[in-house]
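As a plain string of letters, each chain reads:
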Amino acid sequence: MTNELHSYDNLHVLFIAAEADPLVKAGGLGDVAGSLPVALNNIDDGKNLEIKIAIPFYNSIKQKNLPVTKVSDFEIDIIGGKVSGEIFSITISNLSFYLISGEPIARFDETYSSDFRSDAEKFVFFSLACLQLPDILKWRCDILHAHDWHTAVAIHHLKMNRHPSTYLENTQTVITVHNLPFMGTGSEDALRQYNVTPSRNKNLPAWARELPLPMGLAAADQIVAVSPTYAKEILTPEFGCDLQGFLQTRQSKVTGILNGIDPELWNPSSDPAIFSNFDSSHLDEKLKNKRALLKEFQLDFEEYTPLAIMITRMDRQKGIDIALEGLRMINDLPWQTILLGTGDKRLEQECKALEQEMPEKVRAIITFDTDLSRRMYAAADIMMMPSRYEPCGLSQMFAMRYGCLPVARATGGLVDSITDPKTGSIGPGFLFSRIDPRSFAQTMKRAFDAYCSSSTWKSMQLEAMSRDFSWQRSAEQYLILYQNLINQSD
Ligand code: ADP
């Protein structure tokens, strides 16, 4: 095993994911599947590394009427028949994207359906279609890199059905875990219908042998968690979702690589979506963004009132309830907040309830709007992330890049990307450990105190903006991992 990047020869990597920015994005997975391949390509200008990305051809992508090229038809055997589909391709940022179409994908308009079973068939169909791609393209696949439960079945099925005459003959497999609790519940019927046999791994609890993510985790040659801290956390009862015992048996194959962001796509000095561009030499310009955003949402601008935001999936994971309760506890202090998110209806309503309770302080915007998220990162002083768990988290990185300091729970990737001034050195954020509104409120107060000292705040902002969260280092770690897998298999 090596930790260094060596010269490598013509490495072929197939990325398979449920979403990839800029074609489709519902959350951090889309950011990663869109930007990691670009960063890998940048390591050697794509000379010795060829990456192809496959995603489902959702109706939302079809509606964009992009200049796609038809590549091939295909069929998948199911019990009592066949399901047919088509493959299209398009090149974006010098990368080849393959769009898999078929009835199980076209049946629903949303990227993710609220009905487990329909999502199950969609992603089982997609995973099996991805396994046909190398043969169709006559393209040797050295590394099959799957992400989360949606594509985990591909790794499992490849292991169970490896065929010596195909372009997948020596393929090594990697699965990146972005969110362990989402395992593909309710997939059993779809797996049986598509002739996918259960995992035979005896260390896997019986309940998990017909669930896509555990099947992929059992079959993969390498498991990557999206931060070093999350890689350790998933081996424990608190975060292991009852797979910790099994994951411990695979511990030597588990590693953590922190996700990165694309510093060009997220650049306050050139972002066309924000009101006034700024950089660390012109930090005063940031204030114009705050004034503009507050005006947009009919909130008064007050000189020493910090603006705290949340931009998030509305999910219990994200600790939205903790933030709402914590904000109530410090209602006597001056602050304003804008909450942006969609998801769990009850949490959406709770955000709206806070807005009604404190109309002079709070706005809750229940929608998914990337441009608005950019205006918020540019305008805000504080990013609230009281997550119960956070495998990596990207929002804190975007926030810091835009001079907005995170108040976050010390878990997963938040630990690996935020340093707190409490630790001694000046740091670009504030961390707390206990999952309770009081700890969150106390930490917000700590942030407000720092905000009141403009020199302290400015030096923290400058430190945050100077942090390198680009993919470069992480992409190199992925490349080393690919190389080690290939060398082992020789
Ligand atoms: P997760 O992947 O768990 O949802 P991350 O912090 O890794 O969380 O990534 C969330 C991504 O989704 C960020 O790019 C964030 O800006 C974006 N995002 C989340 N909710 C919204 C929303 N309602 N509108 C726009 N962007 C959003």
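Residues numbered from 1 in each chain as written. Predicted model: local features only at pLDDT ≥ 70, side-chain atom pairs only at ≥ 80, totals over all residues. Heavy atoms only, no water.

Caption draft 1: Representation of the pairing of strand β14 (residues 405–409) in the model. In terms of burial, β14 is largely enclosed, as five of its five residues are buried. Burial along β14 is two-sided: Leu-405, Val-407 and Arg-409 facing one way and Pro-406 and Ala-408 facing the other are all buried. By the bridge criterion, four bridges tie strand β13 (residues 382–385) to β14 in an arrangement that is parallel. By the bridge assignment, Met-385 is partnered in β14 with Ala-408. Once you follow β13 into helix α14 (residues 395–401) and on to β14, the crossover reads as right-handed. Where β14 meets strand β15 (residues 430–432), three bridges bridge the pair, whose relative direction is parallel. The residue of β15 that forms the bridge with Val-407 is Phe-430. (Buried < 20%, exposed > 50% of the residue type's maximum accessible area, 1.4 Å probe, protein only. Helix = DSSP H or I, 4+ residues; strand = E, 2+ residues; numbered from the N terminus. Pairing = 2+ DSSP bridges. Right-handed = clockwise from strand over helix to strand, strands pointing away.)

Caption draft 2: Broad picture of the site of the ligand. Near the ligand, the surroundings consist of 20 residues, among which Gly-28, Arg-313, Lys-318, Thr-367 and Tyr-377 are the closest. Note that an oxygen atom of the ligand is positioned 3.0 Å from one of the side-chain N or O atoms of Lys-25. Interatomic distance of 2.9 Å between a side-chain N/O atom of Asp-31 and an oxygen atom of the ligand. Breaking the shell around the ligand down by element, the ones donating at least two residues are α1 (28–43), β10 (307–314), β11 (336–343), α13 (370–379) and α14. Of the residues that constitute the shell around the ligand, the class distribution is six nonpolar, nine polar and five charged. (Near = heavy atom within 4 Å. Polar contact = N/O pair within 3.5 Å; in protein donor to acceptor, adjacent residues only side chain to side chain. Nonpolar A, V, L, I, M, F, W, Y, C, P; charged D, E, K, R; others polar.)

Caption draft 3: Structural context of the environment of Ser-187. Looking at the element boundaries, Ser-187 is found in the loop between β7 (172–177) and α6 (188–193). Looking at Ser-187, the relative accessible area reads 0%, which means it is buried. Sequence separation between Ser-187 and Phe-123 is 64 residues, and the spatial gap between their C-alpha atoms is 9.3 Å. Ignoring anything within four residues of it in the chain, the contact list for Ser-187 reads Ala-120, Trp-149 and Pro-212. (Contact = heavy atoms within 4.5 Å.)

Caption draft 4: Expanded view of the sheet that holds strand β9 (residues 254–256). Strand order in this open sheet of nine strands is β3-β4-β5-β2-β1-β6-β7-β8-β9, and the pairing throughout is mixed. Pairing within the sheet leaves two strands with one partner each, and these edge strands are β3 (69–78) and β9. Pairs of neighbouring strands in the sheet enclose a mean axial angle of 25°, with direction left out of account. Pairing analysis gives four bridges linking β7 to strand β8 (residues 222–225), with the strands arranged parallel. Counterpart to Val-177 in the pairing with β8 is Ala-225. This element, helix α7 (residues 212–219), spans β7 and β8 of the sheet and lies at about 135° to β7. Sitting on the sheet, helix α18 (residues 472–489) is in contact with β1 (11–16), β2 (49–56), β6 (143–147), β7, β8 and β9, with an inclination near 145° to β7. (Axes fitted to C-alpha atoms, helices over the stretch in contact; angles between N-to-C directions.)

Caption draft 5: Looking closely at the packing of helix α16 (residues 437–452) against helix α17 (residues 454–466). At a closest axis distance of 5 Å, the pairing of α16 and α17 adopts a crossing angle of 105°. Considering the angle they form, α16 stands roughly perpendicular to α17. Together, Ala-447, Ala-450, Tyr-451 and Cys-452 of α16 and Ser-454, Thr-456, Trp-457 and Met-460 of α17 make up the contact between the two elements. Grouping the amino acids of the contact of α16 with α17 by side-chain chemistry returns six nonpolar, two polar and no charged. (Parallel < 35°, antiparallel > 145°, perpendicular 65-115°, else oblique.)

Caption draft 6: Focus on the packing of aromatic side chains. Within the structure shown, the criterion is met by 13 aromatic pairs. Ring geometry for Tyr-377 versus Phe-398: centroids 5.8 Å apart, planes at 65°, classification edge-to-face. With Tyr-377 in helix α13 and Phe-398 in helix α14, this residue pair connects regions lying 21 residues apart in the sequence. Accessibility assignment for this pair places Tyr-377 and Phe-398 in one class, buried. Note on Tyr-451 and Trp-457: the rings are 5.3 Å apart at their centroids and 80° apart in plane angle, and the pair reads as edge-to-face. We note that Tyr-451, like Trp-457, is buried. (Phe/Tyr/Trp six-rings, centres within 6.5 Å; stacked < 30°, edge-to-face > 60°.)

Caption draft 7: Quick peek at the sheet that holds β15. On the basis of which strands lie adjacent, the open sheet formed by six strands has the order β12-β11-β10-β13-β14-β15 and parallel pairing. Two strands in the sheet have a free side with no partner beyond their single neighbour: β12 (362–365) and β15. Averaged over all pairs of adjacent strands, the angle between strand axes in this sheet comes to 15°, irrespective of strand direction. By the bridge criterion, eight bridges tie β10 to β11 in an arrangement that is parallel. Paired with Ile-309 across the strands is Ile-338, a residue of β11. Against the sheet, α13 touches β10, β11, β12 and β13, its axis set at about 150° to β10. On the sheet, α16 packs against β10, β13, β14 and β15 and is oriented at approximately 160° with respect to β15.

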